[in-house]
Amino acid sequence: MKNFTYVRANSIEDAVSRATSDRQAMFIAGGTNLVDRLKVFLDEPSQLVDVSRLEMKQIERTNTGSLKIGALVTNTALANHIEVRRNYPLLSRAVLAGASQQIRNMATVGGNLMQRTRCPYYYDTAFPCNKRQQNTGCPATTGMNRTHAILGASESCVATNPSDMSVALAAIDAVVEVEGVQGKREIPLIDFHRLPGNNPERDTNLEPGELITAVILPPLSFSQSGVYLKLRDRASYAFALVSVATALEVAGDKIKTARVALGGVAHKPWRAMEAEEFLIGKAANKSNFEQAAEIALQDAQPLAHNGFKVELSKRAIRRALAVSAQGGGLA
Amino acid sequence: MNQVIGKSVNRKDGRAKVTGEATYGAEHQIQGLVHGYLVTATIAKGSIRTIDTQKAEATPGVIAVFTHKNPPKVFKPTNNWMTSKIYEARLPLSDNTIHYAGQIVGLVVADTFERARDAAQQIQIEYETQPVEVNAQQANYQKAKSMFGEDMEYVAGEFETGDFSAVDTATVEATYTTEVEIHAPMEPHALVAHWENNDSVTIYEPTQWVKGSQRTYAELVGLPPERVRIVSPYIGGGFGCKAFPWPHGILCVTAAKEIKRPLKVVVSRRQMTANTGHRSHTEQTIRLAANKEGKLSAIEHTAKSCTSPVDVFTEPCTGITPVMYTTPNMKLKQELAVLNVGTPTFMRAPGENPGMFALESAMDELAWELNIDPIELRLRNETKEHQRKKLPFSAKHFAECLTTGAEKFGWSDRQMQPRSQQQGDLLVGWGMASATFPALRSSVEAKVRLLDDGTAHVLTAGNDMGTGAYTVIAMTAAETLGLPVENIRVELGDSMLPNGGLAGGSQMTASLTPAVLAACQSVLETAQAQNAQEAFAKLRESGRAAYEATASSAPGEEGKKFAFNSWGAHFCEVTVDEEIARLRITRWVSVMNIGRVLNSKTAASQIRGGVIMGIGQALMEECHLDPTTGYPVVYDLATYHFPAHADIPRIEVSFVGEPDLDFNPMGVRGCGEIGITGVAAAVTNAVYHATGKRIRSLPITPDKLL
């Protein structure tokens, strides 16, 4: 473990400037994932820039009717916030489906977006891993890959993004606000994380030195139909084998808008755009949901041990859409 | 008399544990303590070609680096089950050969834990790698050798053809598998070794066998036992993996001598997935034959398990078969294969647990085939004697467990068809299975002291690994002396105290409490008093400080007259959301027959703990190995799943039967392990009732329900 310096950033500009001038610097807030990674030598930063005391802890309504979540809002505060519970119930449920109460109390919204895969091959330096070090190989492709990706993976990486929150944010069309030395910019959540391609070491499209400052939730008139369904190996405190976030806007007997996002299946939260498009203008019924599920998984490429995820994903989509069609709630 | 025994009494050690006052092995603070970090192999088979420690040695704070090139001095122990025992016959760092991934290949000692860990990461190793064998399905199985003197093959009656179809209405033949389960107690493996003057050592290590550990370490370091002291007042869960020294313990104690500093070694969770014991993968084939009334005519039980290249441990699955159901024809066989894995070991009900999963699943399959209620099928086949030992069981109330459990659960309302019970969109299934575990006890001693301050002390080198031993020992003394439980001080877990035996095989309570009873009676005799108050009065009159007596208790001739087992039955309800493969256990009833129940609270807690661990085995526990390197691909308690609160329903526990006074003077049989036996079968039997799908391969993860 390389020694690192620890500094408390006194402003966003200060934090960004430190991380821009030192490419080996890393931001730390809740530390619930980063500290674990440091202990097992996955990250060897030159300095940790502590951003946890900065003023990004508010949840506020913007004048466009969006809800702006400060990057340092804890997962617990986000899930319990009255506006989030009322207007984005699927987000609240997704956050509560993740981790444990103790971890959620520490973990921040920005940190949740930045958490890295729990692929066991990534997690132990005894194994080679393209995500840790380019061109060293991916033992997961030929090893035990029951929990790995079925969509959008590459030969160099079959890891999955572990976040529940991000799946709900993808379905909500959330936007990530980031700040770098060039100033602020906004990245749609579904473009925030990357597919692995030949650069699995990069999880996100953040530029060096950029800091997440907020996540913006646009108004969603049909958010009450939101559903977050997480299927896993134990009833709590386990990463998703497959998770689904859905919402439906139904006008008359026709679907006007559909949102379908998947977790546990890809290197990023996976929006099933083609399935959504298929549903528009269709009746909200079982057979259309079945077809939408087929479309969502038509490009799936399972590995030796995770073929079940294809069928499980289809069923989860069908169920979540059916519950959304009935007005949302627990699935 | 009889004011305390049988009541619900809070744990004597509960407050110390929840306030952090209880000091566990590696928490002992010693002046000048330094830290060791283990270096482990990243291949599973081959040898070390080169190992470069220069960089690590030059790292700030590093005191020493041990590898196979400069192992600390160690003596070969006798290593049998009676006097001394180590978990892995190969001594650590004894050569450059690698037998399994995660094998210890070095120890780095530094002034802080972080510096030791950092330096360990700097060690460069080049391996000669050979192809590994880690696939239990493709392993080469041979007849297993006896571990405790009993042949691993057994045939009774006629098995020439193995064909019983001519005389029998129903036959079941099925193969059941269980996955590798790793030991993952809350307290990891961790110890501190403190040498004084090169000729005596104190070892602070959680151990289920204080005196055995003392003798074993004494042999390993070449000292008489009295120069080795083991301190183990608290154990954060043992389950079978903390009975003997593991390689890391041997390395810590021997390295501490060489560096002449007190040394602490903590095994990380990641390392514990590979080198501190697991329950082997098992594959069992059961054949049952029965007539139309359900009377069994034949049971054949074949079990395969795996061991490591460096020791032999057979998961003895077939031990339960002769005790459960009576049959004129019985055939048992155990096979063993060697894989490139760490050494498997005892894990809560070793053998009984996977064995009961297979047998109780097969009995359920037979019940469905014959259309007989599974409780009725078991009642019709109950055996009054141990069919291998040819001895009658003492104080057996198995039938009462079944009938009482059925009543408490409401079994008579069960619909006799799979998929016939629903709750909204959920399928509901009810399942049951039997439980059993042998009742064991060993030779132990306890010392009791009556002091002039009105308290009594009980001292013995037994231990309490969370089971409630402190409390039942205090209760036994309180009852015998006529004192409140609060006035009894119990000291355990120190090798300076009288031999307290082994906390394993569910025998600590059955071994110790008779000795405590005898020592209490003896101290009253010494004082010539009817009870403690009279003795205290005499102390005050005479000005004496204390009365003291030591007594022992050991098994005698009773083992020639009776076979001793505990019995039980589990009933459970599951719901299955079939479309999304979501299984939940919603109700649980366990009825146990364990002789006298000393503390109804901790006894029930032991059973609940067993049920919870069994639910883990049924639903989620599995340690996958990478097929190329043999390294486990679970690495912490987030990726190695065992039950969280949300997985566990209310577990209703009750007890039936009377004290088993043929077994020991307290009439008590242990209850640490029986709770887990049969649990997985109760779950899979309920899943069959709910869905019509028979799961023969654990754990029942969602993919198996699609």
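Computed from a predicted model, the values in this text were never measured in an experiment. In this convention, every chain numbers its residues from 1, walking through the sequence in written order. Just so you know, chain letters begin at A and ligand numbers begin at 1, following the order they were written in. Where local features are concerned, this predicted model is filtered to residues with pLDDT of at least 70; where side-chain atom pairs are given and counted, the filter is 80 or more; whole-chain, interface and lining totals use all residues. Neither water nor hydrogens contribute to the side-chain values; these are computed over all heavy atoms in the structure.

Things to note about the overall build of chain A
Secondary structure elements follow DSSP: runs of H or I of four or more residues count as helices, runs of E of two or more count as strands, with numbering from the N terminus. A tally of helices and strands in chain A yields 13 helices and 12 strands. Values of the radius of gyration come from C-alpha atoms, whereas the globule rule sets the reference at 2.2 Å times the count of residues to the power 0.38. Here the C-alpha atoms of chain A give a radius of gyration of 19 Å, agreeing with the 20 Å that 2.2 N^0.38 yields for 331 residues. Based on the C-alpha atoms only, the size of chain A along its principal axes is roughly 60 × 50 × 35 Å. Here the analysis covers contacts within chain A between residues at least 6 apart in sequence; of these, 64% occur between residues at least 24 apart. Throughout, a residue-residue contact means that at least one pair of heavy atoms, one from each residue, lies within 4.5 Å.

Remarks on the overall build of chain B
Secondary structure assignment for chain B yields 16 helices and 29 strands. Against the 2.2 N^0.38 benchmark of 27 Å for 706 residues, chain B shows a C-alpha radius of gyration of 26 Å, consistent with a compact globule. In terms of principal-axis extent, the alpha carbons of chain B reach across some 75 × 75 × 50 Å. The rule is simple: take the accessible area with a 1.4 Å probe, protein chains only, and divide by the maximum for that residue type; under 20% is buried, over 50% is exposed, in between is partly exposed. Burial statistics for chain B: of 706 residues in total, 65% are counted as buried. Residue pairs in contact within chain B that sit at least 24 positions apart in sequence constitute 82% of those at least 6 positions apart. Per element, the accessible surface of chain B, about 25100 Å² overall, is 48% carbon and sulfur. Mean positive and mean negative side-chain charge positions of chain B (67 and 78 charges, respectively) differ by 3 Å. Only the protein chains shown count as cover for residues, and the accessible areas themselves come from Shrake-Rupley with a 1.4 Å probe. Only four residue types enter the tally: Lys and Arg on the positive side, Asp and Glu on the negative side; His and the chain ends are excluded. Taken as the charge centre is NZ of Lys, CZ of Arg, CG of Asp or CD of Glu, depending on the residue.

As for the sheet that holds strand E12 (residues 270-271) of chain A
Residues and elements named next belong to chain A. At least two DSSP bridges between two strands are needed for those strands to be called paired. As summarised here, the arrangement of the four strands in space is E9-E10-E11-E12, forming an open sheet in which the pairing is antiparallel. Each edge of the open sheet carries a strand with a single partner, namely strand E9 (227-231) and E12. Taken together, the two bridges between strand E11 (residues 254-263) and E12 define a ladder with antiparallel strand orientation. Bridging across to E12, Ala-261 finds its partner in Arg-271. Structural elements are reduced to axes, namely lines fitted to C-alpha atoms, with helices fitted over the stretch in contact, and the angle between N-to-C directions of any two is expressed from 0 to 180 degrees. The strands touched by helix H5 (residues 89-96) are E9 and strand E10 (242-251); relative to E9, the strand with the most contacts, the crossing angle is about 20°.

Points about unusual backbone geometry
All names here are of chain B. At the junction of Leu-698 and Pro-699, the peptide bond is cis and its omega measures out at -10° in the coordinates. Position of Pro-699 among the secondary structure elements: in the segment after helix H16 (679-691). The phi dihedral of Lys-390 is positive, around 55°, even though this residue is not glycine. By secondary structure assignment, the location of Lys-390 is in the loop between strand E19 (385-386) and strand E20 (391-392). Its relative accessible area of 51% is what places Lys-390 among the exposed residues. One non-glycine residue with positive phi stands out, namely Arg-419, at about 65°. Assignment of secondary structure puts Arg-419 in the loop between helix H10 (398-409) and strand E21 (421-423).

Quick word on the packing of aromatic side chains
Residue and element names in this part refer to chain B. The pairing test for Phe, Tyr and Trp rings, Trp by its six-membered ring, is centres within 6.5 Å, and the orientation test on the planes gives stacked under 30 degrees, edge-to-face over 60, and tilted for anything in between. Following the criterion strictly, the structure yields 27 aromatic pairs over all chains and no others. Aromatic side chains Tyr-234 and Tyr-470 sit 6.0 Å apart centroid to centroid with 40° between the ring planes, which places their arrangement in the tilted category. Taken together, the positions of Tyr-234 in the loop between strand E13 (228-231) and helix H5 (247-259) and Tyr-470 in helix H11 (residues 469-481) put the pair 236 residues apart, joining distant regions of the chain. In terms of burial, Tyr-234 and Tyr-470 fall into one category: buried. For the pair Trp-411 and Trp-430, a centre-to-centre distance of 6.5 Å together with 35° between the ring planes defines the contact as tilted.

Topic: the domain arrangement of chain B
All names here are of chain B. Its domain assignment divides chain B into domain 1 (14-21 + 442-554), domain 2 (32-131 + 186-237 + 242-270) and domain 3 (142-181 + 278-439 + 561-705). Measuring from the centre of the C-alpha atoms in domain 2 to the corresponding centre in domain 3 gives 37 Å. Listed by partner, the interface residues are 21 residues for domain 2 and 19 residues for domain 3. Here the quantity called buried area is the accessible surface, traced with a 1.4 Å probe, that two parts lose on coming together, added over both. When domain 2 packs against domain 3, the two sides together hide about 1700 Å² of surface, and 61% of this comes from carbon and sulfur. A pairing counts as a salt bridge when a side-chain nitrogen of Lys or Arg comes within 4 Å of a carboxyl oxygen of Asp or Glu. Summed over the shared surface of domain 2 and domain 3, the number is zero salt bridges. Think of a polar contact as two N or O atoms within 3.5 Å of one another; within protein, one of them needs to be a possible hydrogen donor and the other a possible acceptor, and neighboring residues in sequence only count if both atoms come from side chains. At the boundary of domain 2 with domain 3, the tally comes to seven residue pairs in polar contact (both at pLDDT 80 or more). Bear in mind that the domain bounds are from an automatic or database domain assignment.

A closer look at the pattern of salt bridges
All names here are of chain A. The tally for this structure, following the rule as stated, stands at 55 salt bridges over all chains. Glu-177 is paired through a salt bridge with Lys-68; the nearest N and O atoms lie 3.3 Å apart. Highlighted residues: Glu-177 in strand E6 (residues 175-180) and Lys-68 in strand E5 (residues 67-70), separated in sequence by 109 residues. Taking relative accessible area as the criterion, Glu-177 reaches 7% and is therefore assigned buried. With a relative accessible area of 22%, Lys-68 lands in the partly exposed category.

Concerning helix H12 (residues 508-527) of chain B
Residues and elements named next belong to chain B. Expected span of a helix, by definition, is 1.5 Å for each gap between consecutive residues, and there is one gap fewer than residues. The end-to-end C-alpha distance of H12, which contains 20 residues, comes to 28 Å, matching closely the 28 Å that a straight helix rising 1.5 Å per residue would cover. Taken across its 20 residues, H12 has 14 buried, putting it largely inside the fold. Taken from the residues just after H12, Gln-528 is the one with a positive phi, measuring 50°.

Some details on the layout of surface pockets
For cavity detection a 1 Å grid was placed over the protein atoms alone, and a set of points counts as a cavity when a 1.4 Å probe fits there but cannot get out; an open set counts as a pocket when protein lies on both sides within 12 Å along at least five of seven lines, with lining residues being those that have an atom within 4 Å of a point. Grid points are joined across faces, edges and corners, and a volume is the space filled by probe spheres set on the points. Volume-wise, the second largest pocket comes out at about 550 Å³. Around the second largest pocket sit 24 residues that line it, and Met-144 of chain A together with Gln-137, Glu-179, His-624 and Leu-625 of chain B are the ones nearest its centre. Charged means Asp, Glu, Lys or Arg here, nonpolar means Ala, Val, Leu, Ile, Met, Phe, Trp, Tyr, Cys or Pro, and polar covers whatever is left, Gly included. Among the residues making up the lining of the second largest pocket, the classes are represented as 11 nonpolar, seven polar and six charged.

Let's talk about the packing of helix H15 (residues 600-619) of chain B against H16 of chain B
Residues and elements named next belong to chain B. Taken N-terminus to C-terminus, the directions of H15 and H16 make an angle of 55°; their axes are 8 Å apart at the nearest point. Relative to H16, the element H15 lies oblique. The crossing of H15 and H16 is right-handed. On H16, the residues touching Gly-610, Val-611, Gly-614, Ile-615, Gln-617, Ala-618 and Leu-619 of H15 are Val-679, Ala-680 and Val-683. Here the residues of the contact of H15 with H16 sort into seven nonpolar, three polar and no charged. Roughly parallel refers to an angle under 35 degrees, roughly antiparallel to one over 145, roughly perpendicular to one between 65 and 115, and oblique to any angle outside these ranges. By convention, the crossing between two helices is left-handed when the near helix turns anticlockwise from the far helix through less than a right angle, and right-handed when the turn is clockwise.

A closer look at the pairing of strand E26 (residues 546-553) of chain B
Residues and elements named next belong to chain B. Because side chains alternate across E26, one face comprises the buried residues Tyr-547, Ala-549, Ala-551 and Ser-553, and the other comprises Ala-546, Glu-548, Thr-550 and Ser-552, none of which is buried. As defined by bridge partners, strand E23 (residues 444-451) adjoins E26 across eight bridges and the pair is classed as antiparallel. Bridging from a neighbouring strand, Arg-449 pairs with Glu-548 of E26.

Observations concerning the nonpolar core
Residues and elements named next belong to chain B. Among the buried residues, those of types Ala, Val, Leu, Ile, Met, Phe, Trp, Tyr and Cys that are joined through side-chain atoms within 4.5 Å form a nonpolar core. Of all hydrophobic cores here, the largest spans 121 residues; its most connected members are Leu-288 and Trp-588. With nine residues, the top contributor of residues to this core is helix H8 (residues 352-370). Aside from chain neighbours lying at most four places away, what touches Trp-588 is His-570, Phe-571, Cys-572, Val-611, Ile-615, Pro-649, Arg-650, Ile-651, Glu-652, Val-679, Ala-682 and Val-683.

Regarding the sheet that holds strand E29 (residues 651-655) of chain B
All names here are of chain B. With respect to topology, five strands assemble into an open sheet ordered E21-E22-E27-E28-E29, the strand pairing being mixed. Across the chains shown, the open sheet's two edge strands, defined by having one partner strand only, are E21 and E29. With strand direction ignored, the average angle separating the axes of adjacent strands in the sheet is 30°. Inspection of the sheet shows strand E28 (residues 582-593) paired to E29 by five bridges, in the parallel sense. Along E29, the bridge assignment pairs Trp-588 with Ile-651. Packed onto the sheet, H15 meets strand E27 (565-577), E28 and E29 and runs at close to 130° relative to E29. Strands in contact with H16 are E21, strand E22 (426-438), E27 and E28; relative to E22, the strand with the most contacts, it is inclined by about 155°.

Comments concerning the side chain of Thr-160 of chain A
Within the fold, Thr-160 of chain A resides in the loop between helix H8 (120-123) and helix H9 (165-172). Not counting the four nearest positions on each side in its chain, Thr-160 of chain A is found in contact with Thr-117, Thr-147, His-148, Ala-149, Gly-264, Val-265, Ala-266, His-267 and Lys-309 of chain A.

Description of the interface of chain B and chain A
Interfaces are frequently sized by the accessible area removed from exposure as the parts join. The interface is formed by 36 residues belonging to chain B together with 33 residues belonging to chain A. Roughly 3100 Å² is buried in total at the junction of chain B and chain A, and carbon and sulfur atoms are behind 58% of that figure. For the pair chain B and chain A, the interface holds five salt bridges. Close ionic contact of Arg-319 of chain A with Asp-577 of chain B constitutes a salt bridge, the shortest N to O distance being 2.6 Å. The tally of links from chain B across to chain A stands at 13 residue pairs in polar contact (both at pLDDT 80 or more). Going through the elements one at a time, helix H3 (113-121) and E28 of chain B are the ones with two or more residues in the side of chain B that touches chain A. No other element matches H3 of chain B, which puts three residues into the side of chain B that touches chain A. For the side of chain B that touches chain A, the residue count by class is 17 nonpolar, seven polar and 12 charged.

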